[in-house]
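Here is what each chain is made of, one letter per residue.
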Amino acid sequence: MSGLIPLKAQARPRAGKGAARQTRREGSVPAVIYGDNKSPETIALDYNELWKQVLKGHFTSTAFEIDVDGTKHIVLARDVQLDPVRDTPLHVDFQRVGKDGIIRVSIPVRFANEAASPGLKRGGVLNIVRHDFEVYCPYDKIPSHFEIDLTGLEIGRSIHVSAVAMPEGVSPVIKGRDFTIATIAGALKGDDEAASSEAAATAAPVAAAGKGAPAAGAGKAAPAAAAGKAAPAAAAAKPAGKK
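Structure report, in brief. (Residues numbered from 1 in each chain as written. Predicted model: local features only at pLDDT ≥ 70, side-chain atom pairs only at ≥ 80, totals over all residues. Heavy atoms only, no water.)

1. Points about the nonpolar core
Inference 1: Counting residues in each nonpolar core, the largest one holds 26 residues, and the members touching the most others are Phe 111, Phe 133, Ile 142, Ile 148, Leu 150 and Ile 181.
Inference 2: Elements supplying a minimum of two residues to this core: strand 7 (102–112), strand 9 (132–138), strand 10 (146–149) and strand 13 (180–185).
Inference 3: When residues in this core are grouped by element, the largest group, five residues, is from strand 7.
Inference 4: Ranked by size, the runner-up nonpolar core spans 16 residues in total, among them Ala 9, Ala 31, Phe 59 and Ala 77. (Core = buried A, V, L, I, M, F, W, Y, C linked by side-chain atoms within 4.5 Å. Buried < 20%, exposed > 50% of the residue type's maximum accessible area, 1.4 Å probe, protein only. Helix = DSSP H or I, 4+ residues; strand = E, 2+ residues; numbered from the N terminus.)

Right under this line is the structure:
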């Protein structure tokens, strides 16, 4: 679970591209806070503090408490605009968390104990259908990830969302459908056919070489047989000459 991460910001009196460029020249990152049926508020964040949070990962699935000149806002980062060359933040969009405190966020899926799966040991392949999926959860209890145990799973088994252990208050956004997270599939048919073709191609020259040896022997025997047939004919011609 991840709690609230504090950030300090200053209000920006002006919006627009010119004001945003001026904010960046001053060493800050322009941002906006919107949502919860309130007016958008333009702010400026300290670049170093924001960059530290981005580098930690899961930036868009972390709840922040932004202090704007003494007024605190509980928000979730919804979009981060990055510099195309340096890959550093240029602008951030934050969405306010509503009064009920429930947010919609995408949580990654991780798989454990692959070595304990008989299906994978026998050459099966873990086919991941969803690397993450969206859930509703309290803003202060966002799971860092969902872990799926592969122990004992055979080839042909499917892992559905109903098999994922979720904390209290967390539920999938997709309702009424037990969608698939991953499957354990067998070896592809094409791989087996390719292996058979390769084995047949290797065996073909050996078989051809084995058939070629008797043919050579037959070739040597043929002239001898022809000579045997010609000898009686010559013998028959000699008596005719004596008469």
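More follows now that the structure is in view.
2. Points about the side chain of His 73
Inference 1: Structurally, His 73 is set in strand 5 (residues 71–82).
Inference 2: Look at His 73 and you get buried, because its relative accessible area is 12%.
Inference 3: Among the polar contacts made by the side chain of His 73, one reaches the side chain of Glu 41 at a distance of 3.5 Å.
Inference 4: The contacts of His 73, once residues within four sequence positions are left out, are Ile 33, Glu 41, Phe 64, Glu 65, Ile 66, Val 68 and Arg 96. (Polar contact = N/O pair within 3.5 Å; in protein donor to acceptor, adjacent residues only side chain to side chain. Contact = heavy atoms within 4.5 Å.)

3. Digging into unusual backbone geometry
Inference 1: Residues other than glycine seldom take positive phi values, yet Asn 37 does so here, at roughly 55 degrees.
Inference 2: For His 58, which is not glycine, the phi torsion reads 55 degrees and is therefore positive.
Inference 3: For His 58, a relative accessible area of 40% gives the class partly exposed.

4. Describing the sheet that holds strand 13
Inference 1: Across the sheet, which stays open at both edges, the three strands sit in the order 8-13-11 with antiparallel pairing between neighbours. One side of each edge strand has no neighbouring strand; the edge strands of this open sheet are strand 8 (125–128) and strand 11 (158–160). The mean angle between the axes of side-by-side strands here comes to 15 degrees, regardless of whether they run parallel or antiparallel.
Inference 2: Here strand 8 pairs with strand 13 via four bridges, running antiparallel. Paired with Leu 126 across the two strands is Ile 184, which belongs to strand 13. (Pairing = 2+ DSSP bridges. Axes fitted to C-alpha atoms, helices over the stretch in contact; angles between N-to-C directions.)

5. Notes on helix 1 (residues 17–25)
Inference 1: When we look at burial in helix 1, the residues that qualify are Ala 19, Ala 20 and Thr 23. Considered in projection along helix 1, the buried side chains sweep an arc of 100 degrees and stay on one side of the axis. Across from the buried face of helix 1, at angles greater than 90 degrees, the exposed residues are Lys 17 and Arg 25.
Inference 2: Elements that come into contact with the buried residues of helix 1 comprise strand 2 (28–35) and strand 3 (38–46).
Inference 3: Positioned one or two residues after helix 1, Gly 27 has a phi angle of 85 degrees, which is positive. (Arc of directions from axis to C-beta.)

On their own, these measurements won't tell you what the molecule is for.
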